[in-house]
Amino acid sequence: MKVGLCLGGGGSRGYAHIGAIRALTEAGIKIDIVNGTSIGAIIGGMYALYLDVDTMTALVKKVVESVPVNHFNLFRHSTEGPVFLQNWLTEAVCDIAALNMSIQSHRNNLKALRVLFGEHRFEDTKIPFSAIATDINAGETVIIKRGKLIDGILASASIPAIFPPVARGKRLLVDGFVLANIPVTQLRRQGADFIISIELLESPNTHHQNGVDLLYYVEYLKRQKLDQWAIEQSDFHIRVDMSQFDSSHFENYIVAMERGYTAAQKVIPLLKEKLEKANV
Amino acid sequence: MSEPITLVLGGTGIKGIASIGVLQSLHSHGIKIKKIIAAGISAPISAQFALEKGPDTLIYAFTRFFEENYGSLWGLEQLSGLLQSPRGRVGDSFSYFLRERTYCQANFQNESVLSWQKLEPQINQIFGDNTFSDLKIPLAVSVIDLKQGKNILVQEGKLYDCMKASMAFPGILPPVSVGEMELVSSTIYCDLPLDNITRNDAPVLTVDLPMPFVGSNPRTLLEIISIVDDISSRAIKEKLLANTDYLFRLEGMEKFRWGDYHQIPNIVEQALIETDRLLKTLTLP
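Residues numbered from 1 in each chain as written. Chains lettered and ligands numbered in written order. Predicted model: local features only at pLDDT ≥ 70, side-chain atom pairs only at ≥ 80, totals over all residues. Heavy atoms only, no water.

**Quick word on the overall build of chain A**
Phase 1 of the analysis: Helix and strand content of chain A: 11 helices and eight strands.
Phase 2 of the analysis: Across chain A, every contact between residues at least 6 apart in sequence was considered, and the portion connecting residues at least 24 apart equals 77%.
Phase 3 of the analysis: Per element, the accessible surface of chain A, about 11,600 Å² overall, is 51% carbon and sulfur. (Helix = DSSP H or I, 4+ residues; strand = E, 2+ residues; numbered from the N terminus. Contact = heavy atoms within 4.5 Å. Areas by Shrake-Rupley, 256 points an atom, 1.4 Å probe, with all protein chains shown as cover.)

**Focus on the confidence of the model for chain B**
All names here are of chain B.
Phase 1 of the analysis: Here chain B averages 85 in pLDDT, and 84% of its residues register 70 or above.
Phase 2 of the analysis: Below a pLDDT of 50 lies the segment residues 79-86, which in the model reaches 20 contacts outside its immediate sequence neighbourhood of four places, other chains included.
Phase 3 of the analysis: Both confidence scores are given for the complex: pTM 0.88, ipTM 0.88. (pLDDT = per-residue confidence, 0-100.)

**Examining the nonpolar core**
Phase 1 of the analysis: Grouped together as the largest cluster of nonpolar side chains are 91 residues, with contacts concentrated most on Leu7(B), Ile36(B), Leu139(B), Met163(B) and Leu250(B).
Phase 2 of the analysis: For this core, the leading source of residues is helix H10 (residues 211-232) of chain A, giving seven residues.
Phase 3 of the analysis: Excluding residues within four positions of it along the chain, Leu250(B) makes contact with Val22(B), Val207(B), Asp208(B), Leu209(B), Pro210(B), Ala271(B), Glu274(B), Thr275(B) and Leu278(B).
Phase 4 of the analysis: Of all hydrophobic cores here, the second largest spans 65 residues; its members include Leu149(A), Val166(A), Leu173(A) and Met242(A). (Core = buried A, V, L, I, M, F, W, Y, C linked by side-chain atoms within 4.5 Å. Buried < 20%, exposed > 50% of the residue type's maximum accessible area, 1.4 Å probe, protein only.)

**Observations concerning the pattern of salt bridges**
All names here are of chain B.
Phase 1 of the analysis: Counted by the stated rule, this structure contains 24 salt bridges over all chains.
Phase 2 of the analysis: One salt bridge connects Lys35 with Asp201, and the closest N-O pair in it is separated by 3.2 Å. In this pair, Lys35 sits in strand E2 (residues 33-38) while Asp201 sits in the loop between strand E6 (181-185) and strand E7 (204-208), placing the two residues 166 residues apart along the sequence.
Phase 3 of the analysis: In this structure Lys35 comes out as buried when scored by relative accessible area, which is 15%.
Phase 4 of the analysis: Asp201 sits in the buried class, given a relative accessible area of 5%.
Phase 5 of the analysis: Where Arg249 meets Asp208, a salt bridge forms, and the shortest distance between an N and an O atom there is 3.0 Å. Residue Arg249 is found in strand E8 (residues 246-249), and its partner Asp208 is found in strand E7; the two are separated by 41 residues along the sequence.
Phase 6 of the analysis: A residue is classified by how much of its surface remains accessible, and Asp208, at 2% relative accessible area, is buried. (Salt bridge = Lys/Arg side-chain N within 4 Å of Asp/Glu carboxyl O.)

**Here we look at the pairing of strand E1 (residues 3-7) of chain A**
Residues and elements named next belong to chain A.
Phase 1 of the analysis: E1 sits mainly inside the fold: five of its five residues count as buried.
Phase 2 of the analysis: Alternating residues of E1 divide into Val3, Leu5 and Leu7 and Gly4 and Cys6, and every residue in both groups is buried.
Phase 3 of the analysis: Strand direction decides the pairing type here: E1 and strand E7 (residues 194-201), joined by five bridges, are parallel. Each residue of the ladder has a partner; that of Leu7, found in E7, is Ile198.
Phase 4 of the analysis: Here four bridges tie E1 to strand E2 (residues 33-37), and the two strands are oriented parallel to one another. Across the sheet, Leu7 pairs through a bridge with Gly36, a residue of E2.
Phase 5 of the analysis: Following the backbone out of E1, through helix H1 (residues 16-26) and into the adjacent parallel E2, one traces a crossover that is right-handed. (Pairing = 2+ DSSP bridges. Right-handed = clockwise from strand over helix to strand, strands pointing away.)

**Some thoughts on the environment of Leu226(A)**
Phase 1 of the analysis: By secondary structure assignment, the location of Leu226(A) is in helix H10.
Phase 2 of the analysis: The class of Leu226(A) is buried, set by a relative accessible area of 12%.
Phase 3 of the analysis: Between the C-alpha atoms of Leu226(A) and Thr25(A), which are 201 residues apart in sequence, the distance is 29 Å.
Phase 4 of the analysis: When neighbours within four sequence positions are excluded, Leu226(A) is seen to be in contact with Val178(A), Leu179(A), Ser232(B), Ala235(B) and Ile236(B).

**Considering the packing of aromatic side chains**
All names here are of chain A.
Phase 1 of the analysis: Taken as a whole and judged by the stated rule, the model has three aromatic pairs over all chains.
Phase 2 of the analysis: Measuring from centroid to centroid gives 5.4 Å for Phe122 and Phe129, while their planes differ by 5 degrees, and the two rings are stacked.
Phase 3 of the analysis: Classification of Phe122 as buried rests on a relative accessible area of 3%.
Phase 4 of the analysis: Judged by its relative accessible area of 5%, Phe129 is buried. (Phe/Tyr/Trp six-rings, centres within 6.5 Å; stacked < 30°, edge-to-face > 60°.)

Rendered as structure tokens:
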């Protein structure tokens with residue numbers, strides 16, 4: 001029986017996955033297959049490649065210290081700061097929105113992913129791993145399990161409108177969160193019998209200042225619905241409360257990892273019981 | 001065909017006007033309706049039907065609204081119309097840039113492209129002080145309550161407030177405050193109000209007005225946002241359609257854009273013809 005680990009998206013909150021994986025490995029729970037969306041794909045890919053939480057932590061530290069990966073969300077930040085700056089930002093965002101496909105490039109993302117994965121390929125991982133993206137040309141979820149890890153994972157983490165879509169053949173790929181933020185059904189399809197899913201709880205901004213805030217909020221409600229359906233399909237679910245975390249700021253990785261570790265450790269006895277019942 | 005049905009009506013933008021044709025067809029075939037669950041423009045249409053009033057005043061109001069606001073609705077049209085139109089001409093690209101910018105600017109500086117100023121008197125004229133209890137057929141209107149962060153059904157209170165809320169498409173019209181609630185249209189979440197259907201509602205007949213998928217080779221950030229929004233809404237709809245007993249997917253509706261008010265008579269006629277056709281193919285309880 002194959003135990004699968006399914007890691008959800010959530011920007012910098014995703015470092016909690018590393019803590020959760022540490023708790024699982026300390027408890028002797030063996031993972032046979034892993035997948036993930038966005039940051040879940042980054043952490044999942046690292047785990048599948050190295051199978052060592054200390055190596056993962058060291059690489060994350062290196063990235064945070066050497067690459068400016070914080071993404072500046074102009075949509076949100078254009079309502080902060082002095083009025084003249086707000087006006088300038090609003091104008092800038094409007095021009096960018098009308099001319100470009102995103103407000104940032106992938107330059108820093110690629111730098112960070114090179115530190116984490118080098119030239120390794122999906123075929124090099126020690127356990128099977130797949131990254132989940134959304135093809136906006138076809139309107140469907142795509143499971144990426146071949147080629148260079150950085151290429152597949154970059155597509156999985158291309159937040160629409162913040163980063164440009166990634167072209168792959170006829171496909172135009174963006175972050176997998178659009179349809180499969182917690183890609184349980186995709187992991188089942190790849191042969192996992194017992195799926196442990198990890199969700200990173202967020203707290204939406206209910207105070208909207210403009211139309212864009214409203215659209216973000218509705219998008220959050222939709223994602224919540226799709227997440228809920230996905231979670232129902234998993235055999236065991238770990239919920240990590242990351243509601244106080246800003247998903248675009250990556251410096252607090254140590255606190256995030258601790259949160260993930262604590263949340264997973266709390267449920268380990270119950271998980272072991274379920275695994276036993278499932279004859280794993 | 002003796003058992004009364006619950007009718008689910010939705011549709012994005014002006015396409016919801018198709019509900020007039022659907023209701024006319026069901027009425028002429030003697031289908032008994034025990035309840036209507038409606039979202040978007042289908043809500044005021046259903047309310048008029050349940051008040052036993054003709055649709056002419058509503059059609060007039062919607063046409064006037066779109067005519068008067070067409071200049072401001074450039075941004076709205078770009079989300080549906082321009083994505084379906086041929087590209088490449090320099091003039092088109094420039095006007096496209098201006099449209100995107102207009103939409104974007106309105107949504108950064110305000111809550112929406114339009115205000116309620118022009119539409120409020122018209123809704124007030126149609127529904128006045130009518131309440132849900134005046135309706136001859138029970139009506140539940142699907143909206144999102146931003147305070148609670150969920151889809152709810154409004155089934156009591158003044159029709160005026162609720163009809164405004166059902167049309168408050170985020171980005172286009174501002175949210176509507178009703179008591180403690182802050183309401184917007186649920187069609188942005190899913191164009192059919194299927195989220196709150198219960199067992200008591202069975203048998204449920206849902207009328208779907210298909211929209212073409214516009215997601216090929218986007219050029220701008222707003223196009224990407226609207227495609228992503230469309231993809232997730234479709235996924236939610238497909239899953240929720242399992243809650244319905246009968247599905248009428250009206251053919252020929254793809255050609256109508258959601259801001260294309262010139263097509264109102266054709267949308268209504270096509271819906272009437274299609275509903276007539278589908279009724280013949282189905283054995284309802």
